[in-house]
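Descriptive structure summary
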Amino acid sequence: MSAEGEYDCIVIGAGVQGSFTAYQLAKKNQKTLLLEQFLLPHSRGSSHGQTRIIRKAYDQDFYTHMMEECYELWAQLEREAGVKLYRQTGLLVMGPENSESYQLFKVTLQKNKTPMVVLTHDNFSQHIPNVKLAPGDGAFVDISAGVLYADRALRTVQGQFQKLGGVIRDKETVTNIKPGPVVTVSTSAGVYRAKSLVITAGPWTNKLLAHTGLQLPLEVVKINVCYWKEKAPGSYSVKRRFPCFLLTEGEESKEHIYGLPSNEYPGLVKICYHMGSETDPDQRDKQTDKSDIEILGQFVTRCFPGLVPEPAVVESCMYTWSLRRPLKQPPIVHIMNDYQPYLSQSEARTNCGHGFKFGPVIGKLLCELSLGEMPSNDLSPFRIRRFHTKTKSAL
Ligand SMILES: Cc1cc2nc3c(=O)[nH]c(=O)nc-3n(C[C@H](O)[C@H](O)[C@H](O)COP(=O)(O)OP(=O)(O)OC[C@H]3O[C@@H](n4cnc5c(N)ncnc54)[C@H](O)[C@@H]3O)c2cc1C
């Protein structure tokens, strides 16, 4: 017999954003259904894996401001569930001292009076052993940054949602959405109705929106998640207080390279390239481009002499970029958040390669939007119509 039900709100997609949205809705006594196409937990989207970086170091003020609240909301969830989700390690930011991107990171933190320590070429190796700072590069540490335990965080927020009476139905793919004052959502197992709908489908957003005739300017890219072996076990370990790090740009590339201390896999340091090649989320591993791994290998050779410059383990993940397609410019790497009146009392949102840390605040904002409340943060930096004229005509 097929499932049926009436809800105040349906959330599609149990990644970090959908899970936090559902949790916030349940906290506001909304009868909420969270739908997920795969059996939970799964490693097919963007939110899997054991770790993510949390940081205030950004090149734009609005992210740094949002992070103030995010840290509080993460701590609140830790307290509610009695689970540790964050470990402070600091974030080492490096980049050409005179480059615009490095300066923006530094000035944004300074302007916002975020605790930071600026390192010099003279004292760098004393604070950060086993890393070579390139001549002409500057370095500073965002002190409050650290590691979020991603898989654990997802389990925790989904568990708290259920404790509040929320319903999760996994292994149920949404196959159709019928907009209207009451939204009808059909899945592989049933039909559900709700007063509002939140779509947090990550890389599948456009596939899902195709049912409504709406498309967003998005590109999905596969990221090779590379783990590099320590020559001396423990030398870059979280236990030795090795920090997370981010290179704004370097000899190898203009794109960011970032990493986390060895932790989840003992003896292996996670280092990734902040760019990938386009993929279909249902055929992710058909994308076999490894040019990013070559770039990372060169970076590791140059800056991390204590690591074997060939990845020991490569896993996969996906970013969903917002695009400025008509201008053929590089992807805009903002989290994207917008209201789509077309869907009637529904929201469509997605985000890109740095959205995990923002999960609590995005969940809160999507909850507010779906309840028709005034969003408690300024959403103007995230509006789709800022980016894409084609989308504008669809609104
Ligand atoms: C390699 C890598 C490193 C990263 N590092 C960081 C970091 O250090 N710090 C940070 O803050 N962020 C980081 N991010 C980004 C962050 O992980 C993502 O922004 C975030 O996980 C996106 O979550 P989401 O909920 O939007 O998408 P997802 O996690 O992909 O969730 C979408 C969900 O929707 C489900 N779904 C889709 N279609 C349907 C359907 N039709 N029916 C039912 N369910 C459906 C999917 O199965 C999926 O579970 C990283 C990402 C990657 C890939």
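Above this text is the structure in question.
This report concerns the structure included in the present document. Keep in mind the model is a prediction, meaning the values are calculated, not measured. (Residues numbered from 1 in each chain as written. Predicted model: local features only at pLDDT ≥ 70, side-chain atom pairs only at ≥ 80, totals over all residues.)

**What about the overall build of the protein?**
Summing up its helical and strand segments, the protein has nine helices and 20 strands in all. Counting over 395 residues, the protein shows a buried share of 48%. Relative to all contacts within the protein whose residues are 6 or more apart in sequence, the contacts with residues 24 or more apart total 74%. (Helix = DSSP H or I, 4+ residues; strand = E, 2+ residues; numbered from the N terminus. Buried ≥ 20, exposed ≤ 12 C-beta atoms within 10 Å, placed from the backbone. Contact = placed C-beta atoms within 7 Å.)

**Structural notes on the site of the ligand**
Taken together, 38 residues form the shell around the ligand, and within it Gly13, Gly15, Gly45, Gly202 and Gly355 come nearest. Going through the elements one at a time, α1 (16-27), β3 (51-54), β13 (218-230) and β18 (307-322) are the ones with two or more residues in the shell around the ligand. When the residues that make up the shell around the ligand are grouped by side-chain class, the tally is 18 nonpolar, 16 polar and four charged. Residue contributions to the shell around the ligand reach at least three from each of two domains, namely domain 1 (3-47 + 151-216 + 327-394) and domain 2 (91-143 + 219-322). (Near = placed C-beta within 6 Å. Nonpolar A, V, L, I, M, F, W, Y, C, P; charged D, E, K, R; others polar. Domains from an automatic or database assignment.)

**Concerning helix α5 (residues 150-163)**
Spanning 14 residues, α5 covers 20 Å between terminal C-alpha atoms, matching the ideal 20 Å at 1.5 Å per step. Along α5, the residues classified as buried are Ala150, Ala153, Leu154, Thr156, Val157, Gln158, Gln160 and Phe161. Buried-residue contacts for α5 involve α1, β2 (32-35), β3, α2 (61-81), β8 (146-149) and β9 (167-169). Once α5 ends, the next one or two residues include glycine 165, with phi positive near 100°. (Expected span 1.5 Å × (residues − 1).)

**Describing the pairing of strand β16 (residues 268-273)**
Counting buried positions over the six residues of β16 gives six, a clear majority of the element. Residue alternation in β16 divides its side chains into two sets, Leu268, Lys270 and Cys272 and Val269, Ile271 and Tyr273, and both sets are buried. With four bridges joining them, strand β15 (residues 257-260) and β16 adopt antiparallel strand pairing. Among the inter-strand pairings, isoleucine 257 is bridged to a residue of β16, identified as tyrosine 273. (Pairing = 2+ DSSP bridges.)

**Quick word on unusual backbone geometry**
The linkage connecting leucine 40 with the following residue, proline 41, adopts the cis geometry, with an omega of -5°. One non-glycine residue with positive phi stands out, namely lysine 171, at about 55°. By the element assignment, lysine 171 lies in the loop between β9 and β10 (174-178).

**A word on the nonpolar core**
If you look at the biggest cluster of nonpolar residues, it comprises 103 residues, and the most contacted ones within it are Ile10, Leu91 and Val93. With seven residues, the single largest contributor to this core is β13. Residues from two domains meet in this core; each of domain 1 (3-47 + 151-216 + 327-394) and domain 2 (91-143 + 219-322) gives at least three. The contact partners of isoleucine 10, leaving out residues within four places of it in the chain, are Leu33, Leu35, Val183, Val185, Tyr192, Ala194 and Leu197. (Core = buried A, V, L, I, M, F, W, Y, C linked by C-beta atoms within 7 Å.)

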